[in-house]
Amino acid sequence: MVTDVFGLEVQRGLAFVVQDMPRVVESRIHVGLPAPDAWRLRCNFDLEKYIAALGNRTLTLIEEETVCKGRDEEQTQRLVRCELVGEHLGGSMMGAITSKDLVSEISSSFYSRRFDEDHGASFVVEMLKVRIDVHMKGHQWCVPETPTSCYLCTRIDLTVRVPGVGALIERHLERQLRASHAAFPQHASDYLQKQEETSVRAALVTSPPSSP
């Protein structure tokens, strides 16, 4: 069960407690879409897979459960496996670990129809194959700006306990996270455009000719 994996305790994004003081990564990204539309895209697993593929990653949906369907309290819990495609580490890391070893699972919970800070999306990342002492949890929500725009806000707590290089790895991961957040609006726009082009092509193929 996703609930068993996640141990859901969504209170303003507190999914679990890390004893050490984590590095906090916060972002506030402008999205040129109404907040409900931006939030639907943020929760769209097909878009998530599309973005992952751009970064040479593959996502596999392991399990998904939704409660209170059709109501304002509708909430989904999702378990996804992430695997790296190709070599991301130049062949090795710490002399033994390669990209194939860096398989992770992301447990998340999000409200489908609500997106304020108290009712956003919370997630936890867990490494599967290797015991790398990395702890990452996060929370996302939307803040409406105008009827046609909003801000996607993210807060991530990141802790890397690797003697000597933990802080260096944290800074590297922080740069990657910030770049990923900043790229979301463009990725979402490209995804929508591709969906529209696919629909147009399908319509052209299935539509009968207008004349003999």
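Residues numbered from 1 in each chain as written. Predicted model: local features only at pLDDT ≥ 70, side-chain atom pairs only at ≥ 80, totals over all residues. Heavy atoms only, no water.

A.B. asks: Lay out the nonpolar core in plain terms, naming residues and giving numbers.
C.D. replies: By size, the foremost hydrophobic cluster in this structure holds 18 residues, and its most contacted members are W39, L41, L47, C142, C150, L152 and F184. Per-element tally for this core: the top contributor is helix α2 (residues 35–42), with 4 residues. Not counting residues within four places of it along the chain, the set of residues in contact with W39 comprises Y111, S112, R114, F115, G120, A121, Q140, W141, C142 and L152. By size, the runner-up hydrophobic cluster in this structure holds 15 residues, among which are L59, F123, M136 and I156. (Core = buried A, V, L, I, M, F, W, Y, C linked by side-chain atoms within 4.5 Å. Buried < 20%, exposed > 50% of the residue type's maximum accessible area, 1.4 Å probe, protein only. Helix = DSSP H or I, 4+ residues; strand = E, 2+ residues; numbered from the N terminus. Contact = heavy atoms within 4.5 Å.)

A.B. asks: Mind laying out α2, listing which residues take part and the relevant values?
C.D. replies: Restricting attention to buried positions, one finds in α2 the residues A35, A38, W39, L41 and R42. Viewed end-on, α2 has its buried residues packed into an arc of 160°, placing them on one side of the element. (Arc of directions from axis to C-beta.)

A.B. asks: So what about the pattern of salt bridges? Which residues, and what values?
C.D. replies: Think of it this way: side chains of opposite charge can pair up when their charged atoms draw near. All told, the structure shown has 12 salt bridges when counted by the stated rule. As a salt-bridge pair, E174 and R23 come within 3.0 Å of each other at their nearest N and O atoms. Highlighted residues: E174 in helix α4 (residues 166–206) and R23 in strand β1 (residues 23–31), separated in sequence by 151 residues. Under the relative-accessibility criterion, R23 is labelled partly exposed at 22%. The residue E117 makes a salt bridge to R155 at a minimum N-O spacing of 3.4 Å. (Salt bridge = Lys/Arg side-chain N within 4 Å of Asp/Glu carboxyl O.)

A.B. asks: Before we move on, could you go through the pairing of strand β6 (residues 134–146) and cite the residues and values that matter?
C.D. replies: Two strands pair when backbone bridges link them, and strand β5 (residues 121–127) and β6 are joined in this way by 5 bridges, in the antiparallel orientation. Bridged to A121 within β6 is Q140. (Pairing = 2+ DSSP bridges.)

A.B. asks: Talk me through helix α3 (residues 45–54); I want residue IDs and the actual numbers.
C.D. replies: What α3 keeps buried is the set F45, L47, Y50, I51 and A52. N-cap assignment for α3: the residue whose side-chain oxygen lies 2.8 Å from the backbone N of D46 is N44. (Polar contact = N/O pair within 3.5 Å; in protein donor to acceptor, adjacent residues only side chain to side chain.)

A.B. asks: Explain the confidence of the model for the protein chain to me, and be specific about the residues and the numbers.
C.D. replies: Confidence in the prediction for the protein chain averages 82 pLDDT; 78% of positions are at 70 or higher. Confidence, read as mean pLDDT per element, is least for helix α1 (residues 2–6) in the protein chain (41) and greatest for α2 (96). A low-confidence stretch, residues 1–19 (pLDDT under 50), is modelled with 47 contacts involving residues beyond four sequence positions or located in other chains. (pLDDT = per-residue confidence, 0-100.)

A.B. asks: Can you explain the side chain of R42? Please cite residues and give values.
C.D. replies: Here R42 is to be found in helix α2. For the buried R42, no salt bridge exists, and the shortest N-O distance to an oppositely charged side chain is 5.6 Å, to E48. With sequence-adjacent residues up to four places away left out, R42 is seen in contact with A121, F123, Q140, L152 and F184. (Lys, Arg positive; Asp, Glu negative; His and termini not counted.)

A.B. asks: Pulling in residues and values, what's your account of the packing of aromatic side chains?
C.D. replies: Applying the stated criterion across every chain yields a total of 2 aromatic pairs. Centre to centre, the rings of W39 and F115 are 6.4 Å apart; their planes meet at 45°, and the pair counts as tilted. Of this pair, W39 sits in helix α2 while F115 sits in the loop between β4 (104–111) and β5; the two residues are 76 residues apart in sequence, bridging distant segments of the chain. The two residues W39 and F115 agree in class, both being buried. Between Y50 and Y191, the aromatic rings sit 5.7 Å apart at their centres with planes inclined by 55°, giving tilted as the arrangement. Here Y50 is found in helix α3, whereas its partner Y191 is found in helix α4, with 141 residues between them in sequence. Residue placement shows R28 over the ring face of Y151; its charged tip is 4.2 Å from the ring centre. (Phe/Tyr/Trp six-rings, centres within 6.5 Å; stacked < 30°, edge-to-face > 60°. Lys NZ or Arg CZ within 6 Å of the ring centre and 35° of its normal.)

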